[in-house]
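# Commentary on secondary and tertiary structure
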Amino acid sequence: MMSFEPIIQRLRVEAFRGFRDAHEFDLSAAAVVVTGPNGTGKTSFFDALQWGLLGSLERLENLRSRRNVEHVVNQYRIGRKASVEIDLSLPSGPVTVRRIGDQGGSSLELRRPGEATLFGDDAEAELRHALLPRSELSLNSALTTSGLMQQDVMRRVLEAKPADRYRQLSTVLGLEALEDFEDAAKSAAKQASDREKAARGERSRLADALQQAHARLEAAQTRLATRPQVSAVREETLRILMNTPSGVYLNRGAVNLENPDDVSLTAAAFGHAADIVETARTLSRQAAQLRAGLGEEPTEEKVTALRQQFIQAEAARDAVNSSRAAMQEQLNAAQRTAAEVARLAALAVPLLSDHCPVCGQGIDRARVEQELRQRAEATGTLLELQQALTELSATYERAATTAAGAGDALAAAEQEVRRWAHVRSADIAASTAVEALSETIQVVKFDRYDIDAFANSADPVLEYYRRARRSLHELLETFDQHSDQGAVDRASAEIRSLEASLTVAEAQLATESARSQKLQALSAQTLDARVEVTEARLRSIQPLVANIFQRLDPHPAFKTVEFELDTYYRRGTTSPLVIDQVEGVAADPLLIFSTSQANIVALSYFIAMSLSAKERGLPFLLLDDPVQSMDDVNVLGFADLCRHLRRHRQLIVSTHERRFASLLERKLAPRTEDSNTKIIRFTGWDRSGPTISEHFVEQQLLNDPIRLVHLAG
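An unreviewed UniProt entry annotates the protein chain as Nuclease SbcCD subunit C of Rhodococcus artemisiae. Per its UniProt entry, the protein chain bears the Sequence similarities (unreviewed entry) comment "Belongs to the SMC family. SbcC subfamily." Its UniProt record, at the heading Subunit (unreviewed entry), says of the protein chain: "Heterodimer of SbcC and SbcD."

This is the structure in C-alpha cells:
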C-alpha cells in the first residue's frame with residue numbers, strides 16, 4: 001500500500017492560543033494522529049495550522065464580545081505577538097512560512113532556499129499558488145471547504161443557505177469558468193436591459209417633446225389668426241402720444257414707431273422719463289413741505305446780538321452767584337462767632353453768685369443768662385449780613401431768569417436758521433432735478449424748466465407718460481404677430497426634426513429590446529446550463545460521496561446521501577438529502593438525523609470534496625475530532641476510511657477518544673518501508689502550555705511472516 005508523501009513537515013508554535021512557550025511538532029508522516037483529552041490543546045494545534053496559512057480564525061470571530069478582545073495571542077503572553085512557522089514539502093520545492101501577529105492583524109513571511117524572502121501580500125499570493133497551482137480557488141475557500149474540518153464547524157456546509165451552498169459546491173467542483181460565464185451573461189443582460197430602458201426613456205422623451213411642439217404650433221397659429229392690423233394700432237398710438245398735457249410737447253423727431261425695436265426703445269424712453277419726473281416731483285414736494293410754517297429768516301446780525309445778550313446775561317448771573325457765595329461765607333463765619341460768645345456766656349453764668357460782690361444787690365442768674373444769649377445771637381453784624389444775603393439771592397434769581405430767556409431766544413433763532421438752510425438745500429435739489437429734465441428727457445420737452453411751472457404740470461405729465469407707455473406696449477403686442485409667424489415656422493421645423501428623431505429612437509428601441517430579450521434568454525439558459533453541468537459533475541462524484549457515507553453507515557434505513565439542485569428566483573440552489581432506497585423516501589438530514597448522524601453526512605461531503613478535487617485541491621486533509629458523538633460502529637467505519645484517505649492526502653486527524661486513537665494507531669500502522677505514521681499525544685495542560693509526547697508507529701510490513709500470522713490470528 002502506497003502512502004501520500006507528507007506535505008506539512010514541521011510546525012513551530014509560540015505564544016499562540018493554548019501555547020505559551022515555544023513548541024515544535026514533527027509532522028513528516030503520511031498520517032498523523034493527534035490524541036488526548038479535551039482541553040489539552042488539540043484544537044489550538046489545528047488553529048495554529050489554519051492561522052499560519054490564512055491569518056484568520058473565522059470560527060472565533062463571531063464569539064468575541066468586543067472587536068478588541070484578544071483571541072490569537074496566548075493569555076499569559078499578552079503584549080507580544082503570536083508566532084506560527086510551517087515547513088512545507090511541495091513539488092515545486094521546500095517552502096517555509098512564518099506568520100506573526102495578534103487579533104489586530106498579522107504579517108506573513110515566505111522563504112525558499114536560494115531565493116529572496118517574500119513578505120505581506122506577495123507572500124500570501126505565492127503561498128496560495130504553491131499550495132493550489134492548478135486551481136483558481138482562494139486558499140481560504142479551499143482550506144475551509146476541503147482542507148480543514150474542525151468539530152465546531154463540521155456542519156457549516158449543511159446549514160448554509162441553499163444558494164450559498166450551491167455556489168460553494170460549484171466552486172469546489174472546479175466550475176469557476178462556468179460561474180464566470182454566468183456572471184458575464186448576467187452582466188451583459190443587465191447592461192442590455194439598462195440600454196433598453198434608456199432607449200425607451202429617450203423614445204418617451206421625444207414623443208413628449210413632439211406633443212409639446214404640436215401644442216406650440218397650434219397656439220402660435222391661433223394667436224396669428226386673431227392679431228389686429230399693425231397700421232391701425234400705430235396710428236392710435238401716435239394720436240395718444242401727440243395728445244400732450246399743457247406745459248409739454250412731443251419731440252416728434254425722437255419717436256419712431258415703424259418697427260418693434262424702435263417701439264421698444266420709445267416705450268423704454270417713456271418709462272425712464274416717468275421715473276425721473278416722479279423723482280423730481282417728490283423732491284419739489286418735499287421742499288414745499290419744509291417751507292410751510294416757516295417765519296422770517298433771522299439775520300446774521302440778529303443771531304449775533306442774541307448770542308451777545310445770552311453771554312452777558314450768563315456773565316451777570318455768574319457774578320451775582322459769586323457775590324452771593326461770598327456773602328454766605330461771611331454770614332456763616334459771623335454765626336460761628338456768635339455761637340462761640342453764647343457758649344462762653346453760658347459757661348460764665350454758673351460762676352455768678354447770688355449777690356453782686358460790689359453793691360450787694362441780688363442777681364437773677366436765669367435772666368442774666370437769657371439776655372447774654374440773645375445779645376450774642378442778635379448782634380447787628382448778623383442782621384446786616386442776613387439782609388444782604390437775601391437781597392443777593394433775589395438778584396441772582398432775576399439774573400438766572402434773564403439768562404435762561406436769552407438762551408431760549410438764541411436757540412430758537414439758531415433752529416430757525418438750520419430749518420432755512422435745509423429748505424434751501426431741498427430747493428436746490430428740486431431745482432437741479434427739474435433743470436436736468438431738459439437733458440435726460442428727449443421724447444417730451446417742457447415749455448419751462450423751473451420749479452413753479454413744473455409743480456403745476458408734474459401730475460398730468462406723469463399720467464400722460466403712463467398712458468403713452470401702455471399704448472406703446474399694445475403696439476408691441478400687435479407687432480408680435482410677426483413673431484407668431486416665426487413661432488409657427490419654428491414649431492413646424494421642430495416637429496419635422498422630432499418626427500425624424502422619433503423614428504430613429506423607435507428603431508433603436510426595437511434593436512435594444514431584441515438584444516435585451518436574447519441576452520436575458522442567454523442568461524437564463526446559462527443558469528440552467530450551469531445547474532445542469534453542476535448536477536452532472538455532482539453525479540460524477542456521487543458514488544464517492546455514497547461510498548464514504550456507506551462506509552460510515554450512520555443510519556439503519558437511510559443508506560444514501562446526495563445533493564438536490566434546483567433554481568429559485570433565477571438563482572441556483574442545492575439541498576442535502578438522505579435517501580431510503582427501499583421505501584423511496586428522501587429527507588433533509590438536519591431534520592431527521594441525530595447530531596452524530598448529521599455530522600457523518602457533513603464529514604462524507606467534506607472528504608468527498610477533498611478527494612474529488614484531486615490535484616486541484618490541497619495536498620493534505622486536516623480533521624479535528626471528526627468522530628465526536630459517533631457510535632462505535634461508525635468509528636470503526638471511519639478508521640477503515642482513514643486508511644484509504646492517507647493514500648491520496650497527507651492525513652492529520654485528532655480525537656479525544658483513547659480507544660479510537662488506539663484503533664487508528666493499529667489501522668494506520670505503516671505497511672511499507674517508505675511510509676510512516678506519527679502519534680502526537682496531548683497528555684495535559686498548564687500555564688506554560690500543553691504537555692506533549694510524540695512517537696512514530698512501528699512498521700507492520702506485509703512481507704513479515706510473523707506479522708502475517710499475528711494478523712491472521
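Mapped onto the fold, H555 is located in the loop between α13 (451–552) and β11 (560–568). Note on H555: relative accessible area 16%, which makes it buried. With 25 residues separating them in the primary sequence, H555 and D580 have C-alpha atoms 9.7 Å apart. In this structure H555 touches F593 and Q597, once residues within four positions along its chain are discounted. Within polar-contact distance, the side chain of H555 engages the backbone nitrogen of F558 at 3.1 Å.

Once that is clear, we can look at the pattern of salt bridges. Enumeration over the complete set of coordinates arrives at 34 salt bridges. For the salt bridge of R317 with E314, the shortest nitrogen-to-oxygen distance reads 3.9 Å. Of this pair, R317 and E314 are both found in helix α10 (residues 300–348), 3 residues apart, which corresponds to roughly one turn of the helix. According to the relative accessible area criterion, E314 is partly exposed, its value standing at 25%.

Positive phi values are uncommon outside glycine, yet R17 reaches one of about 50°. Position of R17 among the secondary structure elements: in the loop between β1 (8–14) and β2 (23–26).

Cut-offs and rules
Along each chain, the written sequence defines residue order, and numbers are assigned to residues from 1. In view of the model being predicted, local features appear only for residues whose pLDDT reaches at least 70, and side-chain atom pairs are presented and counted only at 80 or more, with totals across whole chains, interfaces and linings using the full set of residues. Side-chain figures throughout are based on the complete set of non-hydrogen atoms in the structure, without hydrogens or water. UniProt positions are given in the numbering used here, feature names are shortened, and annotations may be inferred rather than shown by experiment. Secondary structure elements are taken from DSSP: a helix is a run of H or I of four residues or more, a strand is a run of E of two residues or more, and numbering for both begins at the N terminus. Accessible area is worked out with a 1.4 Å probe on protein chains only. A residue is then buried under 20% of its type maximum, exposed over 50%, and partly exposed in between. Here a residue-residue contact requires only that any non-hydrogen atoms of the pair lie within 4.5 Å. Whenever a nitrogen or oxygen atom comes within 3.5 Å of another N or O atom, the pair is scored as a polar contact, on the condition that within protein one atom can donate a hydrogen and the other can accept it, and that pairs from neighbouring residues in sequence are kept only if both atoms are in side chains. The salt bridge criterion pairs a side-chain nitrogen of Lys or Arg with a carboxyl oxygen of Asp or Glu, the two atoms within 4 Å.

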